[in-house]
Amino acid sequence: MMTQEPRETSSTTISLLLGHVRAHGGDAAVADVLARAGITESLDWLEDTATWVSYDTRIRLFTAATTVLDDPHTMYQVGATVVSDGLHPVLVQLLSAFASPAAVYRQLPRLIPKFTTTSTMESVSVGRTSARLRYRLHEGYPPSRLDCQYAQGLFAALPSMFGLTAAIVVHPECQCDGYECCVYEVTWSTRRRWWSRRSLNHPTNRSLALLREKVKEVQHAAADLVGSDDVDDVLARIVARASSAVLAPAYLLIMTADHGEPVLRFQGLDAPGAVRIAARILHGADLGERAVIVDVSSSRRTYGRLAALYSLGHTSMDGDRTLLEAYAGHAAAALDLFTALEDSRREESRAAAMLVLAHELATSTGSEAVADAVALAVPAIAGCDAAAVLLWDASPGVMRAVATAGLDAPRRDRVLAAPIPAAQTPELVELLAHQRPVPLSATTASPQLAGLLAECGMTTAIIVPLLAGDVLMGVVAGGWRSTLAPGISPSTLARIEGVSHQGAIALQNARLLATVRHQSLHDPLTGLANRMLFASELDAAVSTCAAGSCTAVMFCDLDNFKQVNDVLGHGAGDELLRQIAVRLRGCLGVEATIGRLGGDEFAVLARELPGQEQAVDLAHRVVDSLNRPFHVSGHDLRITASIGVAVHNGPGDGGERLLAAADTAMYEAKRTGRNQVALADESNRTGPVTSLHSELVEALGRAEMRLHYQPVVALSSPDRVVGAEALIRWDHPRLGLLAPAAFLPLAEETGLVADLDLWVLGKALADLAALGDAATLTAAGGVPLHVAVNLASATLVDPRLIPTVRAALNRNRLRPERLVLEIVESRALIDLPGVVERLIELRRLGVSISLDDFGTGFSTLAWLNTLPVDQIKIDRTFTANLPEAASVALVEGIIALAQKLDIDVVAEGVETEDQLAALREAGCAFAQGYLLGRPTPAFASVTQATVSRV
């Protein structure tokens, strides 16, 4: 495109040419010339005084005009009209100030750079009525006779400025003929033409007229400078309209700032050249006569510097500085006006932002909404580039960002996800201690805040406390991308503090409102939903339930809770209720709404269930979770619950009726034996659901119990399987395959656990024997596989245990060392009479004893001397946190102690390669977990699969 062409020829020449064509051929001729020259730009652009085109475009236009007008003397005529029609008014005014044509011819070499950068002129000799001029086109530009004709016309016309007849121009040497340069010999007469005597003051009159035109043009340019609301556009206009004062190939505007790098706007230069020249000007370098540099200043302030630049070897004219200074004064006045308007708009914007903030804070009902409103308001009110609101969390001692403004999505997400610990941040320590604003700089801030500033692209920031009285609620932070010099102004700080004050009051009100609302809708003892909130949630769930799904309500009443209050007191009863609430949350998670309706009555709301079977399963999960003992006031308390379940299919209304139906079903569950679940039918008639206890009694007889095996691996080189742990499962005909946690607590409570343990013992040894000696030796690398069986405390003291172990080993022809009996450490274990003697008797048979879940119960290190054990199993809670330093230290300590006592160590719950590597490093000999092998029904397949993996 032409707009990207080199700036080699001023539009003054092009405008003069097109005006001549229009005068002799009309607009159609102009269009024809542009088409022949291949010009696609608009006439307005071509005739703008700021436009420059290439030398090649200039010659194409000269050629096209000569062809279209069919006149070989076209370019001479165009040059001859320069003085009367086309010469820039400023130049005519300057040239008219000279006393004679001879003075003008002497100044011509300084005039040429205003029109072209491709040639150089020299006044070889100038007399009273003659001049010899040398004109040379620079290397790389092909000479054109049309250009020579244009020059001859210009040289001939200059005396007419003084009322004289045209000069005679002879062109003896031309670059087109191979000469080094073009030579022009000009002669003129000093006698005025007859008509010019009638107005001897003609040059003066014309000069004044041109000066008036110049003033009008500069005034028009000044008015145009403030015709935009955008400062970048205003600066671009200052550069673009500089040609109205001084013609030059290039212009450079340097706007100095109070902070940050200077702002540059330029024309006729490339960016690297503009930066290079600006640096020289700012450092006071002398650019010589090739540059006219003036200050852009007013009585209010100095904005920067404006330069008109010429090519190397060219110089400015004597009047250029005065004209450019006058223009720069207009530009400064325009910037004054623009700045005043900007200040007015900024204040108006701040006032509007404060009104919006006040409205948002008045209508915000939550802390996050208040924080969002404050963060959005700070940049508009304080003039910063970005803002954030961080709330103080006193429990862990951190500031957490909850709202930001002025940051893109990735940066916002990183800020919101990065809490700032006060203990590691000196600036926050200072703020907490003194409760006053703290300025920040990316170069001097503490490492965490410096990193956060860099992450957000900020160099300067300030954090202002959110104070409600003397209570610190958080901070408001404002950040700037540029360094502020000399710093954050008092007015800016005052604005942020004002926003902070309003935000703190709104945050305090929001928190008080949230507290009141929470208290009005939640049980003060347990924190669960109260009857009002539960009823509201129930109505909403029933009305929005999707077709094909159902809403279930469980009404739960504790059995014999009154005895707890009567025996241990109401304080113990309250503590039990709190623990029950915690256990219900852990059992149900976020999938259900839990409420305390009063006393020892709880309710559970489950949404969008597939059917009533899932509701009953969920109720059984609650019953089973409550069967485990609670530790209250130094006592282990067991509590049972009776639950009524009511189900509504699809959308509807009447949540209260559904709750009443569940209540009725709960009484039916109590009537039929307590500690069970009863289901209400659609007409509110109830029928008890079969008790899980009665089903468990019959499970062994019905062959519903299953064993799964999880491998134990020796962490040697290479790793190898050395045995497996037998894990019981209940293949329930209605509920599917149940994990031990779903039924073993009930088995312990009802005395069935010993029967289950003895069955597992016999079944596991039979499955091990079924592998055969060859298979077990191959899998274990030449060492016989063992099987580990878990025993409850009650099973240890059951008189059937020793005979069952002996009979199972003999029946399956297995050596005793291939059986490992695992016992779970607990206070009940050590308190059982005769348990130590029973363990010693088992070891005499040759059976190994393993202490399971080591480190999680009530054990002390003395137990390892008291109890006769051969192995300890490190609980998965320690393994899960590996390779964290604290967990590594604990595991290493356990292993070191076990090695001193000659006790084997097995690590449970290994699920990642990092955990496995940490255990190897710590010297652990054995491990098991999902990484090494998941529980599977077949003993043989699990060992083979694990061998292939390791």
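Anything mentioned here points back to the structure above.
Right, let's walk through the structure included here. (Residues numbered from 1 in each chain as written. Predicted model: local features only at pLDDT ≥ 70, side-chain atom pairs only at ≥ 80, totals over all residues. Heavy atoms only, no water.)

### Digging into the nonpolar core
Spelled out, the test is: We define the nonpolar core as a collection of buried residues of types Ala, Val, Leu, Ile, Met, Phe, Trp, Tyr and Cys that are connected through side-chain atoms lying within 4.5 Å of one another. Relative accessibility thresholds used throughout: buried, under 20% of the residue-type maximum; exposed, over 50%; partly exposed, between the two (1.4 Å probe, protein chains only). Under the DSSP-based scheme used, a helix requires at least four consecutive residues in state H or I and a strand at least two consecutive residues in state E, with every element numbered from the N terminus. A contact between two residues is defined here by any heavy atoms of the two lying within 4.5 Å.
Counting residues in each nonpolar core, the largest one holds 71 residues, and the members touching the most others are V787, L819 and L821. The element contributing the most residues to this core is helix α25 (residues 753-771), with 9 residues. What L819 contacts, discounting residues up to four positions off in sequence, is L761, L765, V787, V789, V805, L809, V847 and S848. In this structure, V53, V78, C148 and L247 belong to the second largest nonpolar core, which totals 55 residues.

### A closer look at the packing of helix α28 (residues 801-811) against helix α30 (residues 835-844)
In plain terms, the rule: A fitted line through C-alpha atoms serves as each axis, taken over the contacting stretch for helices, and the angle formed by two N-to-C directions is quoted from 0 to 180°. Oblique is the label for any angle not covered by the other classes, which are roughly parallel (under 35 degrees), roughly antiparallel (over 145) and roughly perpendicular (65 to 115). By convention the crossing between two helices is left-handed if the near helix lies anticlockwise of the far one by an angle smaller than a right angle, and right-handed if it lies clockwise. Note on residue classes: Ala, Val, Leu, Ile, Met, Phe, Trp, Tyr, Cys and Pro are nonpolar, Asp, Glu, Lys and Arg are charged, and everything else, Gly too, is polar.
Packing of α28 against α30 brings their axes to within 11 Å, and their N-to-C directions diverge by 15°. Here α30 runs roughly parallel to α28, going by the angle between their axes. As for the relative orientation of α28 and α30, their crossing is right-handed in sense. Here α28 contributes L801, I802 and V805 to the contact with α30, which in turn contributes R838, E841 and L842. Looking at the contact of α28 with α30 residue by residue, the class counts come to 4 nonpolar, no polar and 2 charged.

### Topic: empty space enclosed by the protein
If you roll a probe as big as a water molecule over the atoms, it shows you where there is empty space left. Under the convention used in this document: Residues are said to line a cavity or pocket when one of their atoms sits within 4 Å of a point; the points come from a 1 Å grid over protein atoms alone, cavities being sets where a 1.4 Å probe fits but cannot get out and pockets being open sets with protein on both sides within 12 Å along at least five of seven lines. Grid points are joined across faces, edges and corners, and a volume is the space filled by probe spheres set on the points.
Taken as a whole and assessed by the stated rule, the structure comprises 6 cavities of 30 Å³ or more. Counted as a void, the largest cavity has a volume near 300 Å³. What lines the largest cavity is a set of 22 residues, among which A388, L390, L452, L453 and A477 lie closest to the centre. Going through the elements one at a time, β11 (386-393), α16 (447-456), β15 (460-468) and β16 (471-480) are the ones with two or more residues in the lining of the largest cavity.

### Considering the sheet that holds strand β7 (residues 250-255)
Keep this limit in mind: Pairing between two strands requires that DSSP report at least two bridges joining them.
Spatial strand order, β8-β7-β10-β9: 4 strands in an open sheet with antiparallel pairing. Only two strands of the sheet have a single partner each, and these edge strands are β8 (263-267) and β9 (291-297). Across the sheet, the axes of successive neighbouring strands diverge by a mean angle of 15°, strand direction being ignored. Across 7 bridges, β9 lies against strand β10 (residues 302-309) in antiparallel orientation. The partner of S297 across the bridge, within β10, is T302. Packed on one face of the sheet, helix α10 (residues 231-240) meets β7 and β8 and runs near 40° to β8.

### Quick look at the side chain of T526
To be explicit about the condition: Each polar contact in these results corresponds to two N or O atoms within 3.5 Å; when the atoms are within protein, one needs to be able to donate a hydrogen and the other to accept it, and residues that are neighboring in sequence are counted only if both atoms are side-chain atoms.
Following the sequence through the fold, T526 ends up in the loop between α17 (490-521) and α18 (531-544). Polar contacts involving the side chain of T526 include one to the side chain of D523, which spans 2.6 Å.

### A closer look at the environment of G923
On the secondary structure map, G923 appears in the loop between α34 (913-922) and β33 (926-927). Assessed through its relative accessible area of 35%, G923 is described here as partly exposed. For G923 and V891, which are 32 residues apart along the polypeptide, the C-alpha to C-alpha distance reads 9.5 Å. Contacts of G923, omitting those with residues within four sequence positions, involve I895 and Q899.

### Here we look at the environment of I594
Note that I594 resides in strand β18 (residues 592-598). Among the residues examined, I594 registers a relative accessible area of 9% and is labelled buried. For the pair I594 and V553, spaced 41 residues apart in sequence, the C-alpha to C-alpha distance is 9.9 Å. Not counting the four nearest positions on each side in its chain, I594 is found in contact with L528, A529, F534, L584, R585, L588 and A603.

### What to know about the pattern of salt bridges
Put simply, the test is: By salt bridge we mean one thing: a side-chain nitrogen of Lys or Arg within 4 Å of a carboxyl oxygen of Asp or Glu.
All told, the structure shown has 26 salt bridges when counted by the stated rule. A salt bridge links D755 to R800; the nearest nitrogen and oxygen atoms lie 2.9 Å apart. Taken as a pair, D755 in helix α25 and R800 in the loop between α27 (793-796) and α28 lie far apart in primary sequence, 45 residues in all. Overall, R800 belongs to the partly exposed group, its relative accessible area being 38%.

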